[in-house]
Amino acid sequence: MSTKLNVLEHVMVPDHKIMSEEEVSELLSRYNITTEQLPKIYHDDPAVREIGANADDVIRIIRASHTAGRAEAYRLVVKRPKK
């Protein structure tokens, strides 16, 4: 008998959410950047696969922070280059 592990339920994995087009537009205008200037995350990352994100989606990652209480990070989903 096999059980499927949901990586998002692990205590060490922060909350991952796919951002809507409106949210991405607001983020980019707030920081005056383009999506290509965002840090990248590969499409085959376990958390990215679990939430169903595709290449060119922008992910919001929310972590608990001892100093800030809550820290948000943003990542652009990209395809992993072939070897």
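Residues numbered from 1 in each chain as written. Predicted model: local features only at pLDDT ≥ 70, side-chain atom pairs only at ≥ 80, totals over all residues. Heavy atoms only, no water.

What follows covers the pattern of salt bridges. When charged atoms on two side chains of opposite charge get close, those side chains can pair. What the rule picks out here adds up to 6 salt bridges. Of the charged contacts in the structure, one is a salt bridge between Arg60 and Glu23, with a shortest N-O distance of 3.7 Å. Of the two residues, Arg60 is situated in strand β3 (residues 58–65) and Glu23 in helix α1 (residues 21–31); the sequence distance between them amounts to 37 residues. In this structure, Arg60 and Glu72 form a salt bridge, with 3.4 Å as the shortest nitrogen-oxygen distance. Separated by 12 residues along the polypeptide, Arg60 in strand β3 and Glu72 in strand β4 (residues 69–78) bring together distant segments of the chain. Its relative accessible area of 35% is what places Glu72 among the partly exposed residues. Connected through shared salt-bridge partners, Glu23, Arg60, Arg70 and Glu72 make up one network. (Salt bridge = Lys/Arg side-chain N within 4 Å of Asp/Glu carboxyl O. Helix = DSSP H or I, 4+ residues; strand = E, 2+ residues; numbered from the N terminus. Buried < 20%, exposed > 50% of the residue type's maximum accessible area, 1.4 Å probe, protein only.)

Formed by Met19, Val24, Leu27, Leu28, Leu38, Val58, Tyr74, Leu76 and Val78, the largest nonpolar core amounts to 9 residues. At the level of elements, α1 and β4 are the ones that each hand at least two residues to this core. Apart from the residues within four sequence positions on either side, Leu27 is in contact with Met19, Leu38 and Tyr74. By size, the runner-up hydrophobic cluster in this structure holds 7 residues, among which are Ile41, Val48, Ile59 and Ala73. (Core = buried A, V, L, I, M, F, W, Y, C linked by side-chain atoms within 4.5 Å. Contact = heavy atoms within 4.5 Å.)

Relative to β4, strand β2 (residues 40–42) is paired through 3 bridges, and the arrangement is parallel. Within β4, the position partnered with Ile41 by the bridge is Val77. Between the antiparallel neighbours β3 and β4 lie 3 residues. (Pairing = 2+ DSSP bridges.)

Within the local environment of Arg60, its side chain forms a polar contact with the side chain of Glu72, the two groups lying 3.4 Å apart. Residue contacts for Arg60: discarding those within four places in its chain leaves Asp15, His16, Lys17, Met19, Glu23, Glu72, Ala73 and Tyr74. (Polar contact = N/O pair within 3.5 Å; in protein donor to acceptor, adjacent residues only side chain to side chain.)

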